[in-house]
Amino acid sequence: MNTALSWIKAYVPELSCTDQEYTDAMTLTGTKVETFERLDKNLEKIVIGQIEKIEKHPDADKLIICQVNIGSEVIQIVTGAPNVKEGDKVPVVLDGGKVAGGHDGGPLPEEGIAIKAGKLRGVPSNGMMCSIEELGSNRDMYPEAPEFGIYIFPEDAEVGADAAEALGLRDTVFEYEITSNRVDCYSVLGVAREAAATFKKPFIAPKVEVKENQEKVEDYVSVEVIDKDLCSRYCARVCTNIKIGPSPKWMQRRLAASGIRPINNLVDITNYVMEEYGQPMHAFDLDTVAGHKIIVRRAKDGDVFQTLDGQMRNLDSEMLMICDAEKQIGIAGIMGGENSKITDNVKTVLFEAATFNGANIRKSAKRLGLRTDASGIFEKGLDPRNAKAAIDRACQLIEELGCGEVVSGTVDVCEPLAELRRIKFDSRRINDLLGTDVSEKEMEEIFERLELAMETESDGTRVLVIPSFRQDLEGIADIAEEVARFYGYDKIPMTLPSGEATTGKLPFKLRIEQKARDIAEFCGFSQGMCYSFESPKVFDKLLLDSDDVLRNAITIANPLGEDFSIMRTISLNGMLTSLATNYNRRNKDVRLYELGNIYLPKSLPLSELPDERMQFTLGMYGDGDFFTMKGVVEEFFDSIGMDKKVVYNPHAGKNFLHPGRQANIIYDGKVVGYLGEVHPEVCDNYDMKTKAYIAVLDMPEILPFATFDRKYEGVAKYPAVSRDISMVVPKEIMVGQIEAMIQQRGGKILEDYKLFDIYEGSQIKEGFKSVAYSITFRAKDRTLEEADVTGVMKKILNGLESMGIELRS
């Protein structure tokens, strides 16, 4: 955002400060000035002179000798300019003066170019007449300047006056860094308001009074907004008897200082209002608008439209278009169409000022690859009340500059405007937030400068009424920031933070995840990171049933390709892909783990955010088997206090696991994960010619059971008693079931039990296996007697016999 200081002073006429003072003060109050540049840098001793007499140079065909009146005297200047004649008024740099650069328009030297009196081919020359490039500017800012030659002033220019002043170069252009929440400051009026508040000077907005003719706008045009969700307000006005010509010099200078090339009065007015009010506008040739009707609606998929730059644009159904009764004539908020552009033959102009949906404009501009000044402003979200004010200002300028006549009235299609925001005033809360002691009177003065009205409601509560252009003020914290900005950040004292200091630590969830990493790495696993985006072909590689709920995956709207088109619902593909990569690179004994999310939709299509579940996935091949993986899982459970109630159910029902070497991991009746050997067919699908083992733990299911609490137990005071039992057990009975029975029947004196032998062979009858346990008993308050141990053992053996287990002799 660039503005000339002279334009700011047009609305803050009492503003008086140096460029550096302006820069520092505006930056301290939040309107950061990035840099500034004097337009008259290195322009010294330059006046307006009038050529009274021209003679040929006696020794050079391309040089002429001019007698130039500079007001105080007539001086002689030798020049080679081809475009001057007697009577012309030109800029003249006097002996000892400076110009900004050379006539070729190249880069300007830092120190400028000094001019001294001398001789050209033996003839004295006491100065130099200047081109616009030598004055540090160009034909974009001064389109009336000749392409080659000396700049010629209009006839009414005063001889002897300051040439830089006459050209409007005694000015400074400031460049601001405006944050996206301050949409109002993307206008000269917005910056001027900030300057007025900063320097405590009155802000005088332009007085807009439109002189209209007797005709009615309804007789010229009608407007229909179909897609009101994308256009909350559309204002249209009509101007007739249009006369195209150059805009006045003051307007050209202000536009050029803002980086906008002057074109003609009509185009310049729309650009001027956009800069002044921050409201983009567009002008249509009404004679090209079929049916004299404007329709605001979405485009259709596959539509093609030619914009003002001559390019054909492919449209889709999410782009908002301005149409007439027959065709599209503009892309809303971005660029008009070639079929309705303003030409020199225009007679009747339709002005448009609207409020479009900012997010839609941004997305449309991105898809079209067409970002304009207008779209850059629209995408930030505009104040609907600003549209009417801006279009009236444009019509005022049309009439004042003699560009045409303004038809009476405005076609204004507008959704109900939201009431002005009201925020409760609480000076104590503001001071608490800032750590200051600003009085209410000082705050009220600041609010008055910012045009925040103070009102008292019926219950006595004082509230601030926020003007519609301050969309960034939403709560008391924003009000406190306004007070801080204009009270002065440098005046806020340094204070220690209030509240109690606490010791920082990781949240419980992250501590459990860190423990998982520690255990995995202790057991020789290396951490991997896998993609959350996958291919739908993964489900077939994992042999999932066609109706498996895991196939209900979230589809990416703009995927990189089919291989990354869905959000993963199972973590195995990434792990198996990594294991297969290592296997095919001949890495032996690989162990990997991952802590990553899966994404389970609650419904499809998505109506709410999916369930993101952290999965602790372990994978390995090489040295180790099913029981190695089971040991890693149990090591993790033991480290987080879950070592007593873990059960393994071999009927997990996982198609991607070996049917006889898989198990669900159950804790306190809940399935918290699974482990097993990868199905040979799945290994083949991933090009692994070896056995692989995986374990997956669902961390959200584990967290409620995990604990880092530990109960200390002292060294045992009384001796332990051990008993060994050897049993003949049906093969279908798992050792976990045996241990559950021992735990259940062991009572309070049961201290420990350990499996120390399993045997299957010819000495054991078919369908059975031999299992042997060592059971330890101990009492905490006495020495156990034989009768105590015998009674408990009897209960255990009875329980085992009820399961069909026989005691070996």
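Residues numbered from 1 in each chain as written. Predicted model: local features only at pLDDT ≥ 70, side-chain atom pairs only at ≥ 80, totals over all residues. Heavy atoms only, no water.

Chemist: What is the right way to read the sheet that holds strand β21 (residues 335-336) from this model?
Modeler: Two modes of strand pairing occur in sheets, parallel and antiparallel, and in both the strands are linked by backbone hydrogen bonds. One open sheet holds the five strands; their spatial order is β13-β16-β19-β20-β21, and the pairing between them is mixed. Two strands close off the open sheet at either side, each with one partner strand: β13 (222-225) and β21. When β13 meets strand β16 (residues 293-298), the two strands line up parallel, connected through four bridges. Each bridged residue has a counterpart across the sheet, and for Ser 222 the counterpart in β16 is Lys 293. (Pairing = 2+ DSSP bridges. Helix = DSSP H or I, 4+ residues; strand = E, 2+ residues; numbered from the N terminus.)

Chemist: I would appreciate a short explanation of the pairing of β16 in the present structure.
Modeler: The sheet contact formed by β16 and strand β19 (residues 320-323) spans four bridges and is antiparallel. Bridging from a neighbouring strand, Arg 298 pairs with Leu 320 of β19.

Chemist: How should the nonpolar core be read in this particular structure?
Modeler: One recurring pattern in soluble globular proteins: nonpolar side chains tend to sit buried together. Ranked by size, the top nonpolar core spans 49 residues in total, and within it Ile 8, Tyr 22, Tyr 176 and Phe 351 carry the most contacts. Counting residues in hydrophobic clusters, the runner-up holds 44 residues, among them Val 289, Leu 320, Ile 329 and Leu 368. (Core = buried A, V, L, I, M, F, W, Y, C linked by side-chain atoms within 4.5 Å. Buried < 20%, exposed > 50% of the residue type's maximum accessible area, 1.4 Å probe, protein only.)

Chemist: Looking at this structure, I do not really get the packing of aromatic side chains. What am I missing?
Modeler: Each aromatic ring pair is characterised by the separation of its centres together with the angle its planes make. Applying the stated criterion across every chain yields a total of 18 aromatic pairs. Centre to centre, the rings of Phe 36 and Phe 174 are 5.6 Å apart; their planes meet at 40°, and the pair counts as tilted. With a gap of 138 residues between them, Phe 36 in strand β2 (residues 32-38) and Phe 174 in strand β11 (residues 172-177) connect regions that are remote in the sequence. Look at Phe 174 and you get buried, because its relative accessible area is 1%. Through pairs of rings, three or more aromatic residues link up here, namely Tyr 22, Phe 36, Phe 174 and Phe 199. One Lys or Arg, Lys 380, reaches over the ring of Tyr 186 and ends 4.8 Å from the middle of that ring. (Phe/Tyr/Trp six-rings, centres within 6.5 Å; stacked < 30°, edge-to-face > 60°. Lys NZ or Arg CZ within 6 Å of the ring centre and 35° of its normal.)

Chemist: In this structure, what is going on with the sheet that holds strand β28 (residues 526-527)? I would like to understand it.
Modeler: Spatial ordering of the open sheet is given by β28-β31-β32-β36-β35-β34-β33, a layout of seven strands whose pairing is mixed. Each edge of the open sheet is held by one strand with a lone partner, namely β28 and β33 (646-649). Packed onto the sheet, helix α13 (residues 508-522) meets β28, β31 (591-600) and β32 (611-621) and runs at close to 150° relative to β31. Sheet strands in contact with helix α16 (residues 626-639) are β31, β32, β33, β34 (657-667), β35 (670-678) and β36 (692-698), and its direction is about 25° off that of β36. (Contact = heavy atoms within 4.5 Å. Axes fitted to C-alpha atoms, helices over the stretch in contact; angles between N-to-C directions.)

Chemist: Would you mind going over helix α15 (residues 572-584) with me for this structure?
Modeler: Since the α-helix packs 3.6 residues into each turn, any two residues three or four apart lie on the same face. A rise of 1.5 Å per residue sets the reference length of α15, with its 13 residues, at 18 Å; its end C-alpha atoms lie 18 Å apart and thus fit the reference within 8%. Buried residues of α15: Leu 572, Asn 573, Gly 574, Met 575, Leu 576, Leu 579 and Ala 580, and no others. (Expected span 1.5 Å × (residues − 1).)

Chemist: Explain the pattern of salt bridges here, please?
Modeler: Opposite charge on two side chains permits pairing when their charged atoms draw close. The final tally for this structure, using the stated rule, is 54 salt bridges. Salt-bridge contacts for Asp 392 lead to Arg 237; the nearest nitrogen and oxygen are separated by 2.8 Å. Linking Asp 392 in helix α9 (residues 384-400) with Arg 237 in strand β14 (residues 231-240), this pair joins segments that are 155 residues apart in sequence. Judged on exposure class, the residue Asp 392 and its partner Arg 237 are both buried. (Salt bridge = Lys/Arg side-chain N within 4 Å of Asp/Glu carboxyl O.)

Chemist: Explain the layout of surface pockets here, please?
Modeler: To find leftover empty space, one rolls a probe the size of a water molecule over the atoms. What the second largest pocket holds in volume is close to 1,100 Å³. Asn 271, Met 274, Met 281, Asp 373 and Ala 374 are, among the 42 residues lining the second largest pocket, the residues nearest its centre. Those elements that provide at least two residues to the lining of the second largest pocket are α6 (265-277), β15 (282-285), β20 (328-331), β21 and α8 (373-378). Here the lining of the second largest pocket takes six residues from α6, the largest share from any one element. By residue class, the composition of the lining of the second largest pocket is 21 nonpolar, 13 polar and eight charged. (1 Å grid on protein atoms, 1.4 Å probe; cavity = no way out; pocket = protein on both sides within 12 Å on 5 of 7 lines; lining within 4 Å. Points joined across faces, edges and corners; volume = space filled by probe spheres on them. Nonpolar A, V, L, I, M, F, W, Y, C, P; charged D, E, K, R; others polar.)

Chemist: How should empty space enclosed by the protein be read in this particular structure?
Modeler: Under the counting rule described, the total for this entry stands at two cavities of 30 Å³ or more. There is about 70 Å³ of room inside the largest cavity. Lining the largest cavity we find Arg 182, Asp 184, Gly 190, Arg 193, Glu 194, Arg 449, Leu 450, Glu 451, Phe 469 and Arg 470. Broken down by element, the lining of the largest cavity gets its largest block of residues, three residues, from helix α4 (residues 188-199). Partitioning the lining of the largest cavity into residue classes produces two nonpolar, one polar and seven charged. Computed from the structure, the second largest cavity encloses a volume of approximately 40 Å³. Around the second largest cavity, the lining residues are Met 727, Leu 797, Leu 800, Glu 801, Ile 805, Glu 806 and Leu 807. Listed by contribution, the elements that provide at least two residues to the lining of the second largest cavity are α20 (786-801) and β40 (806-807). The dominant element in the lining of the second largest cavity, judged by the number of residues it contributes, is α20, at three residues.

Chemist: Would you mind showing me how to read α4 here?
Modeler: The terminal C-alpha atoms of α4, which comprises 12 residues, lie 16 Å apart, in line with the 16 Å expected from a rise of 1.5 Å per residue. When you tally the buried positions in α4, you get 11 out of 12 residues, the bulk of the element. Within α4, burial applies to Val 188, Leu 189, Gly 190, Val 191, Ala 192, Glu 194, Ala 195, Ala 196, Ala 197, Thr 198 and Phe 199. Backbone geometry just downstream of α4 places Lys 200 in the positive-phi region, at approximately 60°.

Chemist: Teacher, can you tell me more about a negative patch on the surface here?
Modeler: A contiguous patch of negative charge on the surface is contributed by Glu 215, Glu 218, Asp 219 and Glu 405. A relative accessible area of 64% means that Asp 219 is categorised as exposed. (Patch = residues over 30% accessible without salt bridge, like charges linked within 9 Å, V, L, I, M, F, W, Y side chains within 5 Å. Areas by Shrake-Rupley, 256 points an atom, 1.4 Å probe, with all protein chains shown as cover. Lys, Arg positive; Asp, Glu negative; His and termini not counted. Charge placed at Lys NZ, Arg CZ, Asp CG, Glu CD.)

Chemist: Even after reading the chapter, I still don't get unusual backbone geometry, so can you show me in this structure?
Modeler: In most cases, non-glycine residues show a negative phi, while peptide bonds are predominantly trans. A cis amide bond links Leu 604 to the next residue, Pro 605, at an omega of -5°. Mapping Pro 605 onto the fold places it in the loop between β31 and β32. Although it is not a glycine, Arg 121 sits at a positive phi angle of roughly 55°. Mapped onto the elements of the fold, Arg 121 is located in the loop between β8 (118-120) and β9 (123-125). Judged by relative accessible area, which is 55%, Arg 121 ranks as exposed.

Chemist: Just checking my understanding: could you explain the environment of Asp 589 for this structure?
Modeler: Relative to the assigned elements, Asp 589 resides in the loop between α15 and β31. Taking the C-alpha atoms as reference points, Asp 589 and Arg 429, 160 residues apart in sequence, are found 63 Å from one another. What Asp 589 contacts, discounting residues up to four positions off in sequence, is Tyr 621, Gly 622 and Asp 623. Within the structure, the side chain of Asp 589 is placed 2.8 Å from the backbone nitrogen of Asp 623, a separation counted as a polar contact. (Polar contact = N/O pair within 3.5 Å; in protein donor to acceptor, adjacent residues only side chain to side chain.)

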